[in-house]
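Residue-level structural notes
Each chain is listed here by its residues.
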Amino acid sequence: MATVLYHLGRVAFRWRWFVALLWVAILGTVGFAASKAPTPADEGFTMPGIESQKAFDLLEQRFPGAAADGASARIVFIAPSGEKVTAAENKKTVETLVDEATDGSQVATVADPFQAKAVSKDGRTAYAVVSFKAKADDLTDASKTHLEKAIDQARKAGLTVEVGGDALAAQPAAGGAGEAIGIAVAAVVLLITFGSLAAAGLPLIAAIIGVGVSMTGVLALSETLGLSENTGTLATMLGLACGIDYALFVVSRYREERAKGHAPREAAGLAVGTAGSAVVFAGLTVVIALAGLWIVGIPMLTKMGLAAAAAVLVAVLLSLTLVPAILGFWPNAVLSRGARKNSPRYLKKQRNPENGGSRWARVVVRHPLPVLLLGVVGLGAVAVPAMDLQLGMPGDEAKSTSTTERRAYDALAEGFGPGFNGPLTVVVDAKGSTDAKAAVATVSKELAATDGVVSVSPAGFNQAQDTAVLSVTPTTAPTDEKTKDLVKTIRDERPGIEAKADGASFEVTGKTALDIDVAQKVQDSLIPYLAVVVGLAIVLLLLVFRSLLVPLKAAFGFLLSVLAALGAVVAVFQQGHGAELLGVNTTGPIMSLMPIFLVGIVFGLAMDYEVFLVSRMREAYVHGEEPKQAVVSGFRHSARVVVAAALIMMAVFSGFISAGDSMIKMIGFGLAIAVFFDAFIVRMAIVPAILSLLGHKAWYLPRWLNRILPNIDVEGEKLSQKVPAPAQLTVVDEPHTAEPAAAH
């Protein structure tokens, strides 16, 4: 592989104009397609195979035109202190709003609180539900404005009016200024690392072009593949991080080869052949982790994973082609000022290549056991809160008290009880019953007698009178563990209830039940997902390092990183430690998809550092160095760049912590802290400690396995035999336009 990539790098360097224009053409073509692509319809969140989804599908089938997933607004009325909403003036104000809302062009129904008995026992709070024929994304500005004017009139009349639901909810920004800040921090890190504006700018340019291609691709295919806004957010996040990192490694190796005296084109070929090989396999591990998200069985998650995997593949291709092409335009610009001027300080540094990375590695190899124990115990301590992990999905209770959605949630909980904000929807299928109404009444009576149920609403029948919907209000809040137990109890008691219901059957759905089912499905999928992804990656790393123990060590380090990151997420977002510093308004259960996201994405990124760092150690070992010295050599060449790459990834991911969407905020924090743990504790401390303790055994591979495995030569051993050693030339004395004929 190294030889193939070496030739690719040389070709891209020589045909730089063609390569550069090709990528510009690709970006322009995909961008044009995106501009002409229609806005995708919102397909909503679906989860095949769970009871909540089956019940929802039954609603869609039996209540045609009812828009079971249509937008809704729950308007909460709160009377002034000492008054009641049932007072004549207040009641008139409420009824006026109901009449106004009913006239909306997209409104399906409006439930009058006085007719629907939606008034609290103390008479201070009431609510009206406005149901729309269209989904929230399909509501027109005119429909929203019409309802907002009616609400404003009620407020002017003296009532406090808050609005929940999705009809008028503001859509939070995905990343805001945080993304720009992340890129700015990445630029500073690159500038400090390379000491050259051109070297710092090249990875940024490559990453931005890559994100441009992948994001416009997502937009162009959004309708065809049903891709959502969050799909693009994840692709942006990983496309930026991986794009910068991969280009960073190629540029760094190019500078190293130039320092050895290689001509520019030769150095570009060697950089792509060696660092590019690591980029390919690092990218493949990320792709495996992301594509493997299909195992969970959530269509939205599968699409997000595949889109992000495509963005990573684009980043890999750019680092192998566009980066050497740009180096061809300005072969000396990416070198440090000292290298360009052959300053005495630079030449002295070349003669004595000792640096911070090698000095740190010497400390670790001298004291491997204490470093190993300290790293493992430290990460284990951070991982402890993960034992208290509770999964759920954030709702209005997680929003800031400055939002009307949160105030509406609190008012309803105070006036009607904590379970009112998370009612269970029970769909009764009485098609096989001889007396549908009697069967539904039996189900309703049995549910009302269940411990933990406050009330059961009157049944709402479909036009055919063979299916009914009941709203069951629990005594506890939607995210309370007791609510989860109630759902389980109802389902466990279902056979007995259905036996009394004359052939009728029922299923439990609604947002609360859906969240519970999603959390359970994710939890059940985690072990199979881990097994498949880690298993495939171990095979891949076995090919890369030709060692039995190195891939197993890599998997062990990853598990430490991800558990510690999950523990940190629980500590902040669930337990509230330091939550206010991140703008987390309310703590609660961790988003159901978070463990899967963390496992999948962090695994891929962790393997990036493993491949980049350990491949240089392997390269030194293959070329004859002793195991401990190979560790030091690997750190001398890679540590600084790996640290820079980690800081860049942390900066990019941290930028998403500023997102208004709690899911993106949590993912951004989780990924940033996971990269910190993996890069600075696992790869920089635990990995060299383990390799030092293992010695030659670290690189052991049975002979029979050595014969079976293909030799892909990631470390470039064959390449070093093929390419002659450079003449002792200064790095700027041989311009790329004057290379010998053999170089072409």
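Residues numbered from 1 in each chain as written. Predicted model: local features only at pLDDT ≥ 70, side-chain atom pairs only at ≥ 80, totals over all residues. Heavy atoms only, no water.

Regarding unusual backbone geometry
The line we're drawing: Per the convention used, a helix needs a DSSP run of H or I reaching at least four residues, while a strand needs a run of E reaching at least two, with both numbered from the N terminus.
The phi torsion at Q465 lies on the positive side, around 60 degrees, for a residue other than glycine. The residue R546 is not glycine, and still its phi comes out positive at about 50 degrees. Relative to the helices and strands, R546 resides in the loop between helix 20 (511-545) and helix 21 (549-574).

Brief notes about the environment of L204
To keep things clear, this is the line we draw: Contacts between residues were defined by any pair of non-hydrogen atoms, one from each residue, lying within 4.5 Å.
In this fold, L204 is placed in helix 7 (residues 197-220). Taking the C-alpha atoms as reference points, L204 and G243, 39 residues apart in sequence, are found 7.9 Å from one another. Those residues in contact with L204 that sit more than four places away from it in its chain are I183, A186, A187, L190 and I244.

Brief notes about the environment of M215
For clarity, the cut-off: Think of it in three bands: with a 1.4 Å probe and only protein chains considered, a residue is buried below 20% of the maximum accessible area for its type, exposed above 50%, and partly exposed in between.
Within the secondary structure, M215 sits in helix 7. Classification of M215 as partly exposed rests on a relative accessible area of 22%. Linking M215 and G232, residues 17 residues apart in sequence, is a C-alpha distance of 6.2 Å. The contacts of M215, once residues within four sequence positions are left out, are G232, A235 and T236.

Topic: the packing of helix 20 against helix 21
Spelled out, the test is: Here an axis means a line fitted to C-alpha atoms, over the contact stretch when the element is a helix, while the angle between two N-to-C directions is reported on a 0 to 180 degree scale. The scheme is simple: roughly parallel for angles under 35 degrees, roughly antiparallel for over 145, roughly perpendicular for 65 to 115, oblique for anything else. A clockwise turn of the near helix away from the far one marks a right-handed crossing, whereas an anticlockwise turn of less than a right angle marks a left-handed crossing. In this classification, the charged set is Asp, Glu, Lys and Arg, the nonpolar set is Ala, Val, Leu, Ile, Met, Phe, Trp, Tyr, Cys and Pro, and all remaining amino acids, among them Gly, are polar.
With their axes 8 Å apart at the nearest point, helix 20 and helix 21 run at an angle of 140 degrees to one another. Relative to helix 21, the element helix 20 lies oblique. For helix 20 against helix 21, the interelement crossing comes out right-handed. Residues L530, V534, I538, L541, L542 and F545 of helix 20 pack against V550, P551, L552, A554, A555, F558 and L559 of helix 21. Its residues assigned to classes, the contact of helix 20 with helix 21 comprises 13 nonpolar, no polar and no charged.

Some words on the sheet that holds strand 3 (residues 125-132)
Rule in force here: Being paired, for any two strands, means DSSP has found at least two bridges between them.
Sheet architecture is open: four strands sit in the order 2-3-1-4, paired in antiparallel fashion. Every other strand in the sheet has two partners, leaving strand 2 (107-111) and strand 4 (160-165) as the edge strands with one partner each. Mean inter-strand twist for the sheet, computed between neighbouring axes without regard to direction, equals 20 degrees. With four bridges connecting them, strand 2 and strand 3 associate as antiparallel partners. In the strand pairing of strand 3, T109 is matched with S131. Against the sheet, helix 4 (residues 88-102) engages strand 1 (72-78), strand 2 and strand 3, with an angle of about 165 degrees to strand 2. Together, strand 1, strand 3 and strand 4 form the strand contacts of helix 16 (residues 404-416), whose direction differs from that of strand 4 by roughly 100 degrees.

Brief notes about the packing of helix 10 (residues 264-291) against helix 11 (residues 299-329)
Helices that pack against each other are described as a pair by the angle of their axes relative to one another and the distance between those axes. Between helix 10 and helix 11, the shortest axis-to-axis distance is 9 Å and the interhelical angle comes to 180 degrees. The angle between the axes of helix 10 and helix 11 places the two elements in the roughly antiparallel class. Here A268, V272, G276, V279, V280, G283, V286, V287, L290 and A291 of helix 10 come into contact with helix 11, specifically with G305, L306, A308, A309, V312, L313, V316, S319, L320 and P324. Class assignment for the residues of the contact of helix 10 with helix 11 results in 16 nonpolar, four polar and no charged.

Some points on the nonpolar core
The test is simple: Only buried residues count toward a nonpolar core. Its members are Ala, Val, Leu, Ile, Met, Phe, Trp, Tyr and Cys residues joined through side-chain atoms within 4.5 Å.
Core analysis: the largest hydrophobic core is formed by 161 residues, its most contacted members being L238, Y246, F558, F597 and F653. Considering every element that reaches this core, the biggest residue donor is helix 24 (residues 662-694), with 18 residues. Counting residues in each nonpolar core, the second largest holds 27 residues, with V94, L97, A150 and A167 among its members.

Concerning the packing of aromatic side chains
Spelled out, the test is: Note on aromatic contacts: the rings of Phe and Tyr and the six-membered ring of Trp form a pair at centre separations within 6.5 Å, being stacked when their planes are under 30 degrees apart, edge-to-face when over 60 apart, and tilted otherwise. Counted as over-ring charges are cases with an Arg CZ or a Lys NZ within 6 Å of the ring centre that also lie within 35 degrees of the ring normal.
Counted under the stated rule, the structure contains 11 aromatic pairs. Summarising the aromatic geometry, the rings of Y127 and F420 are spaced 4.9 Å apart at their centres and angled 65 degrees between planes, so their arrangement reads as edge-to-face. One end of the pair, Y127, is in strand 3; the other, F420, is in the loop between helix 16 and strand 6 (424-429), with 293 residues separating them in the sequence. The two residues Y127 and F420 agree in class, both being buried. For the pair Y246 and F612, a centre-to-centre distance of 6.2 Å together with 65 degrees between the ring planes defines the contact as edge-to-face. In this pair, Y246 sits in helix 9 (residues 229-259) while F612 sits in helix 22 (residues 594-622), placing the two residues 366 residues apart along the sequence. F612 carries the same exposure label as Y246, and that label is buried. Among the aromatic residues, those joined into a cluster by ring pairs are W17, F329 and W330. The ring of F114 carries K91 above its face, with NZ or CZ at 5.2 Å from the centroid.

Thoughts on the pairing of strand 1
The buried fraction of strand 1 amounts to five of the seven residues, a majority that puts the element mostly inside the structure. Taken together, the seven bridges between strand 1 and strand 3 define a ladder with antiparallel strand orientation. Bridge pairing links V76 to Y127 in strand 3. Pairing geometry for strand 1 and strand 4, over six bridges, is antiparallel. Looking at strand 4, one finds that A73 is bridged to G165.

Regarding the pattern of salt bridges
Using the following cut-off: The working definition used for a salt bridge is a side-chain nitrogen of Lys or Arg within 4 Å of a carboxyl oxygen of Asp or Glu.
Scanning the model with the defined rule gives 17 salt bridges in all. Here R62 makes a salt bridge to D429, at a shortest N to O gap of 2.9 Å. With a gap of 367 residues between them, R62 in helix 3 (residues 51-62) and D429 in strand 6 connect regions that are remote in the sequence. The buried category is assigned to D429, whose relative accessible area is 18%. The network of salt bridges with shared partners includes E51, R491, R494 and D517.

A look at a negative patch on the surface
Keep this limit in mind: Nonpolar side chains (Val, Leu, Ile, Met, Phe, Trp, Tyr) within 5 Å and like charges within 9 Å form the patches, drawn only from residues with over 30% relative accessible area and no salt bridge. Per-residue accessibility takes into account occlusion by the displayed protein chains alone, with areas from the Shrake-Rupley method and a 1.4 Å probe. Note that His is not counted, nor are the chain ends; the positive residues are Lys and Arg, and the negative ones are Asp and Glu. Positions of charges follow a simple convention, taking NZ of Lys, CZ of Arg, CG of Asp or CD of Glu.
A contiguous patch of negative charge, built from E95, D99, E100 and D103, is present on the exposed surface. Note that E100 resides in helix 4.

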